[in-house]
Every structure is written in C-alpha cells, then in structure tokens.
Amino acid sequence: TSFLKYFRNGLQLILLSSFLTDVTTCCKLCEICGHFYRYQEWTEGLHNFNDHLILTLHLCLFLRNSVQNHTAVGRALEALEQTNQKKYPSHDSLLHGYLHFEALTAHDYNFSCVNCGDHPPVVILDLHKKGVFSMPGEQEFHFMCKIVYKNVFYFYLSCLSVSDVKDPPPEFDGHVDIEEFWQSVAQEIVCRGFVKSNRENLFAITPAYDKWAPWIGPRTRASKTVINTEYAKMNAKKSSVEQAELK
C-alpha cells in the first residue's frame, strides 16, 4: 500500500515542566482509500489525544500518581502552573486527554483484603468526593461514577439537572450489567479524541437510573450483574424527623 505524508501544524505538546505550541507532526494518508493514519504510538513517550493536544507519558503518569494520592487532576495542574510559572491550556481538555490515555491503557485490578483476600464476604463502598458532582435542580443529587484501574479512580463527568434524568422503565428491577456499562464509558472517552465536540460522539452516554453501574472488581463481585439503588434513594419517603430537619 502506498502512503502520502502530511504535516500538521499548530499542535500543543504538554510536558511536566512546560508546554510547547505550534508543534508540527507528520501523519500518513492512504493513496487508495484516503484514510488518515493518526499517530498513536507510545514508544517515543507521547500520547496523542486529538491531533491537537499531545501529552507526555511522564505527565500522564504524574496525574495518575496525583489521583492515587487523593489529589484531583485540576489541583495537580494548578500546582504545575504555579511551579512552572506558566498558564497551561484548558484544564478540561487536559483532563480529557489524560482520561483518553487511561482508557487506552491495559490495567489490572488488584484489590485484596489482608484478611479475606480479593473476595471478602462483605464489601462496603463509599463515595469518593473528588469524583462526585452536584446536579442542580429541585433536589440536590450526587451522581458518582468511577473507573477503577489499579485501585485508581478516574472520573467521567456530565452536566445535567435532576429533571433531565428520566425515571427508569416500570420493569426495571435495579439490575445493571457492570461490564457493558463501563465498556460504554471507556468507548466514549476514547472517541472524544476523534471528534471536535462530544455532541458529535456516537458513543456519548448520559446518566440514567437504569443504565448506570457502580464499579466492583471482577474478582470481588459474584457476577457481572450489580444493583443500582440510586433511583430508590431519590424516591424514598422521608421520615417526619427528616422532614422537620429540612424545614
């Protein structure tokens, strides 16, 4: 197959200590079908997010270690800006670029209780405040979602009001396929690197009571089917004591 080489200008290369603008990269174009082959190799220590933003693997690993040590990606970027005395590109774009890196990385889930191993009789899950956001509306609503790779939490964020989240169908019994859901989240994150706006993302998903699953590791859960009880929490009647506290 014969290829033509094209050069693209105006890219941004984000390093741990600085960033470069107006970077020129080379890509291939098939002369037969006209298909572009974008650069997506890590051998040179670079991660191409969307052909406009390139992150070094060193930066990606720094952000991963920041999250592992309970520091949000935005806070880590602010610390880099203050340390390097430079204003970095959009933090939102950098977050999506970092998530893109993680979604394309093969991870192991190695949770194991020191006493019970990786499948204890009881697992208590709590929210991770850096992965929770409030959805404005008639009630305060917290929608938490997390992808766990090597015990690291990466967060998929959306902006909706409570009224935008539709009630589940009458036949919904709370059971959700955890593998199907989190695969769909990973697909959306990967596809963000191929579209100008997420409105054009064919794999975009929106929060829904019947299509939202918590994360439990494959060796910790009994099966790929888990229970989503968020809808029951939202519609549970408050006791007289709770109602009095709200007044």
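Residues numbered from 1 in each chain as written. Predicted model: local features only at pLDDT ≥ 70, side-chain atom pairs only at ≥ 80, totals over all residues. Heavy atoms only, no water.

A. Region of interest: the pattern of salt bridges. Taken as a whole and assessed by the stated rule, the structure comprises six salt bridges. The salt bridge involving Glu-179 is made with Arg-221; its shortest N-O contact spans 3.0 Å. A residue pair is termed long-range when its members are at least 10 positions apart, and Glu-179 in helix α4 (residues 178-191) and Arg-221 in the loop between α4 and β11 (225-227) qualify at 42 residues. Accessibility expressed as a relative area gives 44% for Glu-179, which makes it partly exposed. (Salt bridge = Lys/Arg side-chain N within 4 Å of Asp/Glu carboxyl O. Helix = DSSP H or I, 4+ residues; strand = E, 2+ residues; numbered from the N terminus. Buried < 20%, exposed > 50% of the residue type's maximum accessible area, 1.4 Å probe, protein only.)

B. Looking closely at unusual backbone geometry. The phi dihedral of Asp-22 falls on the positive side, at around 55°, and the residue is not glycine. Along the chain, the position of Asp-22 falls in strand β2 (residues 19-30). Relative accessible area serves as the criterion here: at 62%, Asp-22 is assigned to the exposed category. One non-glycine residue, His-70, lies in positive phi territory at about 65°. Judged by relative accessible area, which is 56%, His-70 ranks as exposed.

C. Just the confidence of the model for the chain, in detail. In this model, the chain carries an average pLDDT of 77, and 74% of its residues clear a pLDDT of 70 or more. Per-element averaging of pLDDT across the chain places strand β7 (residues 141-144) at the bottom with 36 and strand β5 (residues 53-56) at the top with 94. For residues 131-159, every residue scores under 50 in pLDDT, and the model assigns this stretch 93 contacts once sequence neighbours within four places are set aside. (pLDDT = per-residue confidence, 0-100. Contact = heavy atoms within 4.5 Å.)

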